[in-house]
Amino acid sequence: MALSLAISGLDAGYGAVKALRGVSLHVEAGETVALLGTNGNGKSTLMKCVAGLVRPQRGSMSLTIDGVAHDLTKLSTEAIVDLGVAMVPEGRRLFPKLTVLENLMLGAFRAAARREIERNLAVAFETFPVLKERKSQLAGTMSGGQQQMLAIARALMSSPRLLLVDEPSVGLSPLLVSQTITKIGELNQNLGLTVLMAEQNFNQAVRIASRGYIIVHGEIVVAANSVDELKGNDIVKRLYLGGIV
Ligand SMILES: Nc1ncnc2c1ncn2[C@@H]1O[C@H](COP(=O)(O)OP(=O)(O)OP(=O)(O)O)[C@@H](O)[C@H]1O
Ligand SMILES: [Mg+2]
């Protein structure tokens, strides 16, 4: 199945707060694309727009599946999930008092996903064996790294083709950040998922991304076609690679 996401001229915000200004971005089938930016620059807002959780004020967002374009600005979150888009939200958003298995099941509440529960659960457990070992443990008692794995696995329960991962590195130790990013890379390589990942951790994100965008104050200030191009960019050098801001 060929799937691609195209966003053009997107404005979004919250009341008087303008969070996105004229954002254009595209993700092609099979890619891992990084959306890089520091705190408060609009990464989550963009991910939420794609997922139908924030309605843009202007611009277009189109998801093309096997040559058929779907206008995401007009679809509900449920309909967007049904098209194969799943989000791993910032801060995981697990249900701490529910077990690992119960949290996973909540990722499969749509009718289409319910039909695939067994297959998706097998994929989730194969990808994250620790979740199988701990399926009866309360999610809130898992370590930060395990919770991030659970949040990703829950997203896999809806049979996604496009995975939106919002700052998977937040709150994790450097080793766990590295392991989590590696896992996301494996989802792309082994399961063929297309990935749009918001991150602040430049060096970790570009390990698995094929290209990326830099967002500053709601505007895409760099759109690079490769990681090398990204690393060579003056704004990137200033913001992330040790230059003086
Ligand atoms: N629910 C909200 N109500 C009002 N303003 C909001 C809301 N959510 C986000 N904002 C504002 O929109 C802007 C962009 O926020 P957003 O969460 O998209 O940034 P971010 O890049 O994801 O930041 P972080 O790295 O801290 O997660 C910020 O100025 C933020 O304060
Ligand atoms: Mg955010």
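Let me sum up the structure you'll find in this document. (Residues numbered from 1 in each chain as written. Chains lettered and ligands numbered in written order. Predicted model: local features only at pLDDT ≥ 70, side-chain atom pairs only at ≥ 80, totals over all residues.)

Here we look at the packing of helix 7 (residues 144-156) against helix 8 (residues 174-191)
Between helix 7 and helix 8, the shortest axis-to-axis distance is 10 Å and the interhelical angle comes to 15°. The orientation of helix 7 with respect to helix 8, classified from their angle, is roughly parallel. Here helix 7 and helix 8 pass one another in a crossing that is right-handed. Across the interface between the two elements, Gly144, Gly145, Gln148 and Ile152 of helix 7 pack against Leu176, Gln179, Thr180 and Lys183 of helix 8. Tallied by class, residues from the contact of helix 7 with helix 8 come to two nonpolar, five polar and one charged. (Axes fitted to C-alpha atoms, helices over the stretch in contact; angles between N-to-C directions. Helix = DSSP H or I, 4+ residues; strand = E, 2+ residues; numbered from the N terminus. Parallel < 35°, antiparallel > 145°, perpendicular 65-115°, else oblique. Left-handed = near helix turned anticlockwise from the far one by under 90°. Contact = placed C-beta atoms within 7 Å. Nonpolar A, V, L, I, M, F, W, Y, C, P; charged D, E, K, R; others polar.)

A few points about the site of ligand 1
Lining the immediate surroundings of ligand 1 are 14 residues, of which Tyr14, Ala19, Lys43, Ser44 and Thr45 lie closest. If you list the elements that add at least two residues to the shell around ligand 1, you get strand 2 (17-27) and helix 1 (43-51). Ranked by residue count, the leading element in the shell around ligand 1 is helix 1, at three residues. Residues that form the shell around ligand 1 fall into these classes: three nonpolar, eight polar and three charged. (Near = placed C-beta within 6 Å.)

A short note on helix 5 (residues 117-127)
Those residues of helix 5 that sit buried are Asn120, Leu121 and Ala124. Each buried residue of helix 5 lies within a common arc of 100° when the element is viewed along its axis, so the set occupies one face. Of the exposed residues in helix 5, those oriented more than 90 degrees away from the buried face are Glu118, Arg119, Ala122 and Glu126. (Buried ≥ 20, exposed ≤ 12 C-beta atoms within 10 Å, placed from the backbone. Arc of directions from axis to C-beta.)

A look at the nonpolar core
Ranked by internal contacts, the top residues of the largest apolar core, which has 71 residues, are Leu35, Val50, Leu150, Ala153, Leu163, Leu164 and Met197. Top element by residues in this core is helix 7. It accounts for seven residues. Here leucine 163 is in contact with Ala86, Val88, Ala155, Leu187, Leu193 and Val195, once residues within four sequence places are set aside. (Core = buried A, V, L, I, M, F, W, Y, C linked by C-beta atoms within 7 Å.)

Considering the environment of alanine 124
Note on placement: alanine 124 falls in helix 5. The exposure class of alanine 124 is buried, given the 24 C-beta atoms found within 10 Å. Sequence separation between alanine 124 and isoleucine 80 is 44 residues, and the spatial gap between their C-alpha atoms is 21 Å.

Things to note about the sheet that holds strand 4 (residues 58-65)
Pairing is antiparallel in the open sheet, where four strands are placed in the order 2-1-4-5. For this open sheet the edge positions go to strand 2 and strand 5 (68-71), each flanked by a neighbour on one side alone. Across the sheet, the mean angle from the axis of one strand to that of its neighbour is 25°, orientation sign disregarded. (Pairing = 2+ DSSP bridges.)

Comments concerning the sheet that holds strand 9 (residues 211-216)
Ordered in space as 6-7-8-3-9-10, the six strands form an open sheet in which the pairing is mixed. This sheet does not close on itself; its edge strands, each paired only once, are strand 6 (85-88) and strand 10 (219-224). Recorded for the sheet is a direction-independent mean angle of 15° between the axes of neighbouring strands. With four bridges connecting them, strand 6 and strand 7 (residues 162-166) associate as parallel partners. In the strand pairing of strand 7, alanine 86 is matched with leucine 163.

Any link to function would need more than the numbers given here.
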